[in-house]
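Observations on the model geometry
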Amino acid sequence: GGLFLSGKFDQLQRCRPFSAIADAFDEYCNVLVGSVGSEREVAVASLLRQALGHDAVHLMKMVPNLSMIMGDTQYNSDEHCVDAQERLQYLLCRFIEIIAYSTKQP
C-alpha cells in the first residue's frame, strides 16, 4: 500500500512556513481520523506520542488535525526557543518517518 500526499504552494501564505507541506499532512491526518479505531490509526497515534512527546504541540500549530489523532497535549510554553525552525524541521522529519513506517506495514 502506498500513500500519495499533495499540497499547493500559495504565495499569499508566505507568512505561514511550510504551508504546502502542512496542508498535505493536515489532509493525511484527516484521512487517518476517518478510520478512527483502526489498527493503523492506533499504531500511528502511539508512534507519534512516543517519538514527538510534548514537542508535538509545536507541530500541531502547523498541522491542526494532528491534535485529533494525538489527543490533547499539554502546551509547552517554550515559545522563545532560539532554534524554533530547527525544532520544527526535526519534528517534521520524525512525523514523515512515522508515516512512512506505518504505511509500509501490512
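Our structure's up above, just so we're on the same page.
So, here is what we can say about the structure in this document.

Conventions used here
- Residues numbered from 1 in each chain as written.
- Predicted model: local features only at pLDDT ≥ 70, side-chain atom pairs only at ≥ 80, totals over all residues.
- Heavy atoms only, no water.
- Helix = DSSP H or I, 4+ residues; strand = E, 2+ residues; numbered from the N terminus.
- Expected span 1.5 Å × (residues − 1).
- Buried < 20%, exposed > 50% of the residue type's maximum accessible area, 1.4 Å probe, protein only.
- Arc of directions from axis to C-beta.
- Phe/Tyr/Trp six-rings, centres within 6.5 Å; stacked < 30°, edge-to-face > 60°.
- Salt bridge = Lys/Arg side-chain N within 4 Å of Asp/Glu carboxyl O.

1. Thoughts on helix α2 (residues 39–52)
For α2, with 14 residues, the first-to-last C-alpha span of 20 Å sits near the 20 Å given by 1.5 Å per residue. Buried within α2 we find Glu41, Val44, Ala45, Leu48 and Leu52. Buried residues in α2, looked at end-on, bunch into an arc of 100°, giving them a common side. Summarising the geometry of α2, the exposed residues directed more than 90 degrees from the buried face are Glu39 and Gln50. Looking one or two places after α2, you find Gly53, whose phi comes out positive at around 55°.

2. Digging into helix α1 (residues 19–34)
Counted at 1.5 Å a residue, the expected span for α1 with its 16 residues is 22 Å, and the 22 Å between its end C-alpha atoms agrees. The complete set of buried residues in α1 reads Ser19, Ala20, Ala22, Ala24, Phe25, Asp26, Tyr28, Cys29 and Leu32.

3. Let's talk about the packing of aromatic side chains
Using the criterion set out here, one finds one aromatic pair in the structure. Look at Phe25 and Phe95: their rings are 5.0 Å apart centre to centre, the planes differ by 75°, and that puts the pair in the edge-to-face class. Taken as a pair, Phe25 in helix α1 and Phe95 in helix α5 (residues 84–104) lie far apart in primary sequence, 70 residues in all. Neither residue differs from the other here; Phe25 and Phe95 are each classed as buried.

4. Section: the pattern of salt bridges
Where side chains of opposite charge bring their charged atoms close, a pairing between them can arise. Applying the stated criterion across every chain, the model contains one salt bridge. The salt bridge partner of Arg94 is Glu97, with a shortest N-O separation of 2.6 Å. Residue Arg94 and its partner Glu97 are located together in helix α5, separated by three residues, close to a single helical turn. By relative accessible area, which is 24% here, Arg94 ends up partly exposed.

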